[in-house]
Amino acid sequence: MTGWTTDRIPDQHGRIAVVTGANSGLGLVTATELARHGAHVVLAVRNTAAGQEAARRVGGDVEVRELDLARLDSVRAFAAKLAADHPVIDLLVNNAGVVLLGPRRTTADGFELHLGTNMLGHFALTGLLLGNLAAAAQPRVVSLSSITHKNAHLDFDDLMFERDYRAAPAYGRSKLATTIFAVELDRRLRAAGSPIISTLAHPGITRTNLTPRAWEHRGRFGQAIARLGLLVTQPVERGALPQLCAATDPGVRGGQFFGPSGRWEMRGPVTEARLSREAADPAAGRRLWAAAGELTGVSYL
Ligand SMILES: NC(=O)c1ccc[n+]([C@@H]2O[C@H](COP(=O)([O-])OP(=O)(O)OC[C@H]3O[C@@H](n4cnc5c(N)ncnc54)[C@H](O)[C@@H]3O)[C@@H](O)[C@H]2O)c1
């Protein structure tokens, strides 16, 4: 896949794609490219006013729907309406994500905010849409990992990070959990003989609202970090290529993981990325799957 560009996206007419967090950053570029190639794109967003503004920028055949991944009641309501209106869904891009600077916060359901939004919300959403995805000809689920997953470790005795909380490791854990989820989803889909494939992507370090703009408002030191960030980050159009490749390239197989090829995988052309040992561990997959099913009340596969 090295050298992959959006020219390799096949015609998407007749396909229904759902992109979470589609109003900004990587989600906005992903939605734009899918719509540009003819897909009907559902912009699944927390703030529908921002979603409508994004819809104007995306153009093409799009609709805006409200989804707050930090509230299971919102995930259920979104999935129920979407599933009724679109019996067949071809592509789900689990793109939305949150990064906190500051003290520990929780979702409406009491989950640590990073894990609850980035992983548990998407776990529930995927399960609730599985029947609609299975009805499509070549269905896919794409999950957003991060290089931070490699230095993270999941503590199954403290999944909600109640002990010694720190924001950056909490984000890394949530991205490791998302990565374990996507790999385990692929295993389970294959074992069930499902037509759906689960793929993964990470954008290296890409200039979006998450980084380094998050630093710009933090005084002179923050602005210096932001300027330094420009040197090591890549533009969002390039950062979105791994997830667009994972979502659309006809040659992609279940379980494949794409990211930038450059040194330290931070920026560069698309290539196949490496999972950490923990992310690829089937025992971690089984354990996390059981925990996520219990926590969200959505059990599948
Ligand atoms: N930018 C990077 O360098 C980088 C690196 C690794 C991984 N990622 C991942 O890429 C994905 C996209 O992030 P981005 O960089 O485009 O940042 P971004 O802030 O521009 O986009 C994140 C999106 O998620 C949405 N979101 C946050 N909380 C939500 C909630 N509770 N419900 C619904 N939507 C919610 C936001 O509204 C926003 O649209 C995330 O999963 C992120 O973890 C980004």
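Residues numbered from 1 in each chain as written. Predicted model: local features only at pLDDT ≥ 70, side-chain atom pairs only at ≥ 80, totals over all residues.

An unreviewed UniProt entry lists the protein under the name Oxidoreductase, from Sphaerimonospora cavernae. UniProt, in its Sequence similarities (unreviewed entry) section for the protein, records the words "Belongs to the short-chain dehydrogenases/reductases (SDR) family." (UniProt positions renumbered as here; feature names shortened; annotations may be inferred.)

Undergrad: I would appreciate a short explanation of unusual backbone geometry in the present structure.
TA: If a residue is not glycine, its phi is most likely negative; likewise, a peptide bond is most likely trans. Located in the positive-phi region is Phe-161, a residue other than glycine, with phi close to 50°. A positive phi angle is found at Leu-301, which is not glycine, with a value near 50°. By the secondary structure assignment, Leu-301 is in the segment after helix 10 (282–296). Overall, the presence of 16 C-beta atoms within 10 Å leaves Leu-301 in the partly exposed class. (Helix = DSSP H or I, 4+ residues; strand = E, 2+ residues; numbered from the N terminus. Buried ≥ 20, exposed ≤ 12 C-beta atoms within 10 Å, placed from the backbone.)

Undergrad: Would you mind showing me how to read the site of the ligand here?
TA: Neighbouring the ligand are 27 residues; Gly-21, Gly-25, Gly-97, Ser-146 and Thr-208 lie closest to it. It is helix 1 (residues 25–36) that provides the largest number of residues to the shell around the ligand, a total of 3 residues. Classifying every residue of the shell around the ligand gives 10 nonpolar, 15 polar and 2 charged. (Near = placed C-beta within 6 Å. Nonpolar A, V, L, I, M, F, W, Y, C, P; charged D, E, K, R; others polar.)

Undergrad: What is the right way to look at helix 1 in this model?
TA: Note on helix geometry: an α-helix contains 3.6 residues per turn, so any two residues three or four positions apart are oriented the same way. Helix length check: helix 1 (12 residues) gives 17 Å between terminal C-alpha atoms against 16 Å at 1.5 Å per residue, within 8%. Three or more residues of helix 1 are buried, namely Gly-25, Leu-26, Gly-27, Leu-28, Val-29, Thr-30, Ala-31, Thr-32, Glu-33, Leu-34 and Ala-35. Looking one or two places after helix 1, you find Gly-38, whose phi comes out positive at around 105°. (Expected span 1.5 Å × (residues − 1).)

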